[in-house]
Amino acid sequence: WSPDGTKLASGSGSPFGGHQLFIWDAQTGQKILELKGHAATVQSVVWSPDGTKLASASGDKTVKIWNAVTGELILTLNGHSLFFVW
């Protein structure tokens, strides 16, 4: 859940591709954004305290920082050894 409770973020993964994140409207269930960039299953997603950013961790050993409003990829951190972020 986003800090204000209005959105939900989820990650996905498939052996056939589709390693993206989704941001959903928590009230309507409508998909707001689809964020693409990971090369393996998204294992973890966490909101920033102010709700403007998302961090995602993946089996591709990257953590990606996203703009949660526009979907823009802000930063990729390479080489982490765990599949989750806090």
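Residues numbered from 1 in each chain as written. Predicted model: local features only at pLDDT ≥ 70, side-chain atom pairs only at ≥ 80, totals over all residues. Heavy atoms only, no water.

## Some points on the confidence of the model for the protein
Chain-level statistics for the protein give a pLDDT mean of 90 and a share of 90% at 70 or above. Ranking the helices and strands of the protein by mean pLDDT puts strand β7 (residues 73-78) first, with 96, and strand β4 (residues 42-47) last, with 92. (pLDDT = per-residue confidence, 0-100. Helix = DSSP H or I, 4+ residues; strand = E, 2+ residues; numbered from the N terminus.)

## Concerning the sheet that holds strand β2 (residues 20-25)
One open sheet accounts for 3 strands, arranged β1-β2-β3; its pairing is antiparallel. The outermost strands of the open sheet, each flanked by one partner alone, are β1 (7-11) and β3 (31-36). The mean inter-strand angle of the sheet, taken between neighbouring strand axes irrespective of direction, is 15°. For β1 and β2, the ladder comprises 5 bridges, and the chain directions are antiparallel. If you follow Leu-8 over to β2, its bridge partner there is Trp-24. (Pairing = 2+ DSSP bridges. Axes fitted to C-alpha atoms, helices over the stretch in contact; angles between N-to-C directions.)

## Some details on the pattern of salt bridges
A side chain of one charge can pair with a side chain of the opposite charge when the charged atoms of the two come close. Across all of its chains, the model carries 2 salt bridges by this definition. A salt bridge links Glu-34 to Lys-31; its shortest N-O distance comes to 3.3 Å. A salt bridge links Glu-34 to Lys-36, with the shortest nitrogen-to-oxygen separation between them at 3.8 Å. Overall, Lys-36 belongs to the exposed group, its relative accessible area being 61%. Taken together, the shared-partner salt bridges connect Lys-31, Glu-34 and Lys-36 into one network. (Salt bridge = Lys/Arg side-chain N within 4 Å of Asp/Glu carboxyl O. Buried < 20%, exposed > 50% of the residue type's maximum accessible area, 1.4 Å probe, protein only.)

## So, the packing of aromatic side chains
In this description, an aromatic ring pair is defined by two values, namely the gap between the centres and the angle between the planes. Here the structure, examined in full by the defined rule, presents 1 aromatic pair. With centroids separated by 5.6 Å and ring planes inclined at 40°, the aromatic side chains of Phe-22 and Trp-24 adopt a geometry described as tilted. We classify Trp-24 as partly exposed; its relative accessible area is 27%. (Phe/Tyr/Trp six-rings, centres within 6.5 Å; stacked < 30°, edge-to-face > 60°.)

## Some remarks on the sheet that holds β4
The strand order across the open sheet formed by 4 strands is β4-β5-β6-β7, and the pairing between neighbours is antiparallel. Each edge of the sheet is formed by a strand with only one pairing partner; in this case those strands are β4 and β7. Taking each pair of neighbouring strands and ignoring which way they run, the sheet shows an average axis angle of 20°. As defined by bridge partners, strand β5 (residues 53-58) adjoins strand β6 (residues 62-67) across 5 bridges and the pair is classed as antiparallel. Looking at β6, one finds that Leu-54 is bridged to Trp-66.

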